[in-house]
There are 2 protein chains.
Amino acid sequence: MKLTPPYALFLGDATDTLGLKMANSIATWRKHQCIGEISLPECTVTTGLPQLSVNKAAELGAKTFVLGFNNAGGHIDAKYIPEIKIAIQQGLNIVNGLHDKLTDIPELVTLANQHNVDLIDIRHPTTRFKTANGEKRTGKRLLTVGTDCSVGKMYTTLAIHTALQARQINSTFRATGQCGILIAGEGVAVDCVVADFISGAVEALTPNNDDAHWDIIEGQGSLFQPAYAGVTLGLIHGAQPDALVLCHILQRDKMRGMPSYALPDIHDAIELNLRHARLTNPGCQIVGISINTSAVDDITAKETCLQIAKQTGLPCQDPIRHGVTQIVDQLVTLYSD
Amino acid sequence: MKLTPPYALFLGDATDTLGLKMANSIATWRKHQCIGEISLPECTVTTGLPQLSVNKAAELGAKTFVLGFNNAGGHIDAKYIPEIKIAIQQGLNIVNGLHDKLTDIPELVTLANQHNVDLIDIRHPTTRFKTANGEKRTGKRLLTVGTDCSVGKMYTTLAIHTALQARQINSTFRATGQCGILIAGEGVAVDCVVADFISGAVEALTPNNDDAHWDIIEGQGSLFQPAYAGVTLGLIHGAQPDALVLCHILQRDKMRGMPSYALPDIHDAIELNLRHARLTNPGCQIVGISINTSAVDDITAKETCLQIAKQTGLPCQDPIRHGVTQIVDQLVTLYSD
């Protein structure tokens, strides 16, 4: 799955910022690849990018029109169609992050063929993957894992990748979710792959590489998430990680969307993730803990990270508040030979 | 996914018994639902059922024509088409266990519509599942888990279900793979579900039930199988099992298809499966070990089972050689209230 920037971000009729996760991700991490945003009159939220019409975005050089929002049910509402049609007529490829498929709408398929543009349903991978073979690959890999969904795995992964680049260490960000794919311009939405091929898709995503090269792989879900743990385990096995970073969030009592499930203890999460990772890479080590401290003040954030660092013997940082220097130091120290 | 017996089993051009797994499963477990088998001249294997033509099978009352074999690549060869067409013209539904889809072949779709029969691609579930909610369901559930793939989970599950029926204990066999689905006449091929919905599909497969009712759920893969462990974990979480039975095979050195991976220790397998199962059902217990002893003689089989029973403190039996009486006794003892 390869995408072509620059992007025009379509926000549809979104009215809450959570629904804008995809547009906001790309606006945060690849702002220079974003021409601007396009909204319907009902839309009450913004990414902060310039507000444009589709025609204006095309005139300014946009190559891809991104449905960068979500709604209940993930459906493509009839009111989105006119803007999508203008984008196709302007020669833009269309990337769709909703569950419903553009390719199920005959009038869009016909129009896209006429204008020779791609309709890319990012949640529906069309690649036919192989099942995993479990064979050891060359190159090094870091994977983020989490105590829950939505704790900051993608942000942490991107921050570590950026820090490695700054140190002239050869690395590639490997996207496994739709926001990450939009940022990287490629990747595999592993939660959308047929179950038999989860690990195989990740093996294909992070192939053999130079011995000193790092794939920095975006994690998904959590081994402790009753709905999605299968995706997480398949991703861990396929990634064959040399290094793990555990991501956690403060003051979330219950697993996301699961009122009967508490978040796991950090020590348990480390131990269980390492145990599974060591099936396909016996040398795997944990190199740090990334904490989303957004629920507390600066002082509490700092104190909590220090405390967890002391308890675990691992660097512990909030990548937004504190950066990831200590975590990357640990990685470099452990793996420089 | 619901199927209509009796079945006519099509063996295609199969030349090894491993490729007949699906046909043999149904011929073993639901012989009275099988009218006979149909083979191409190249076919060198048999289920032992009477050999018939498609027309004869229809005349004898077959309602469903089953492509019950596999080949390298799982493709629908052109030479299978004439027999499939006769079956459709005779008004039989077609069930296909190959990877390729009947519904991708326009001439079959057209013919099936004309004759008002169903084309059922058993590896491609068409149901739209929800993601799991993790909420505790009523009724009781037993799940088989394994040290590897193909160690006897389906056989064990069916044997336990049959034994419960014989004791007048209300139970339902819940199929999670294509052979099981054919035997049960319904089920979900969980390895064919989109990754996000593995646990949700299992929740839907084993819904709320009477407090004393047992769902006896067919396991898939193994937490220690680098290719398929994600499916296994999603199945464990969605099943919310009250009871586990661990299935193992003697004298297999390496995980199936994975020459670099050894089979896990039985104690490790028990501990890790229980740990994950207790996320969604904290009361889960292991009630027995089922061993495929086909690689050894009767005396060694008996001695090995006794030894494992002693080491683990659990009933240990080969369901084919010894039955499952002790395992079912343990289940009944633990859960009779």
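Cut-offs used in this document
- Residues numbered from 1 in each chain as written.
- Chains lettered and ligands numbered in written order.
- Predicted model: local features only at pLDDT ≥ 70, side-chain atom pairs only at ≥ 80, totals over all residues.
- Least-squares fit on C-alpha atoms with pLDDT ≥ 70 in both.
- Contact = placed C-beta atoms within 7 Å.
- Axes fitted to C-alpha atoms, helices over the stretch in contact; angles between N-to-C directions.
- Helix = DSSP H or I, 4+ residues; strand = E, 2+ residues; numbered from the N terminus.
- Parallel < 35°, antiparallel > 145°, perpendicular 65-115°, else oblique.
- Left-handed = near helix turned anticlockwise from the far one by under 90°.
- Nonpolar A, V, L, I, M, F, W, Y, C, P; charged D, E, K, R; others polar.
- Pairing = 2+ DSSP bridges.

Chemist: Sorry if this is basic, but what is going on with the relation of the copies chain A and chain B here?
Modeler: Note: a rotation about an axis with an accompanying shift along it relates these two copies of the chain. Between chain A and chain B, the superposition needs a rotation of 180° and an axial shift of 0.0 Å, giving an RMSD of 0.0 Å. These values place the two chain copies in the arrangement generated by a two-fold rotation axis. The fraction of interface residues of chain A whose copies in chain B are also interface residues reaches 100%, indicating that both copies meet through the same surface.

Chemist: Help me out: how do you make sense of the packing of helix 8 (residues 229-239) of chain A against helix 8 (residues 229-239) of chain B in this one?
Modeler: Axes are the key here: two packed helices are described by the angle between their axes and the distance separating the axes. Look at helix 8 of chain A against helix 8 of chain B: their axes get within 7 Å of each other, and the N-to-C directions meet at 160°. When the axes of helix 8 of chain A and helix 8 of chain B are compared, the pair comes out roughly antiparallel. In this structure, helix 8 of chain A crosses over helix 8 of chain B, and the sense of that crossing is right-handed. From helix 8 of chain A, Ala229, Gly230, Val231, Leu233, Gly234 and His237 of chain A reach across to helix 8 of chain B, where they touch Ala229, Gly230, Val231, Leu233, Gly234 and His237 of chain B. Among the residues making up the contact of helix 8 of chain A with helix 8 of chain B, the classes are represented as six nonpolar, six polar and no charged.

Chemist: For this particular structure, what's the right way to read the sheet that holds strand 6 (residues 140-146) of chain B?
Modeler: In a beta sheet, neighbouring strands pair by backbone hydrogen bonds and run either parallel or antiparallel. Residues and elements named next belong to chain B. One open sheet holds the six strands; their spatial order is 7-8-6-9-12-13, and the pairing between them is parallel. Each having just a single partner strand, strand 7 (171-174) and strand 13 (316-317) make up the two edges of the open sheet. Bridge count between strand 7 and strand 8 (residues 214-217): four bridges; the pairing is parallel. Within strand 8, the residue paired with Phe173 across the bridge is Ile216. Taken strand by strand, helix 9 (residues 266-280) contacts strand 6, strand 9 (243-249) and strand 12 (285-292), and its axis lies near 150° from that of strand 9.

Chemist: Before we go on, may I ask you to explain the interface of chain A and chain B in this structure?
Modeler: Interface size is commonly expressed as the accessible surface area that is lost when the partners come together. Contacts between the two partners involve 29 residues from chain A and, on the opposite side, 29 residues from chain B. At the level of elements, helix 7 (198-205), helix 8, strand 11 (258-262) and helix 9 (266-280) of chain A are the ones that each hand at least two residues to the side of chain A that touches chain B. A total of six residues in the side of chain A that touches chain B trace back to one element, the largest contributor, which is helix 8 of chain A. Looking at the side of chain A that touches chain B, its residues break down into 17 nonpolar, nine polar and three charged.

Chemist: How do you make sense of the packing of helix 5 (residues 153-166) of chain A against helix 12 (residues 325-335) of chain A when you look at a structure like this?
Modeler: Residue and element names in this part refer to chain A. Running from N to C, helix 5 and helix 12 cross one another at 65°; their axes reach a closest spacing of 10 Å. Considering only the axes of helix 5 and helix 12, their crossing is right-handed. Touching Ile160, Ala163 and Leu164 of helix 5 are Thr325, Ile327 and Val328, all from helix 12. For the contact of helix 5 with helix 12, a count of residues per class yields five nonpolar, one polar and no charged.

Shape is all these values report; function is a separate question.
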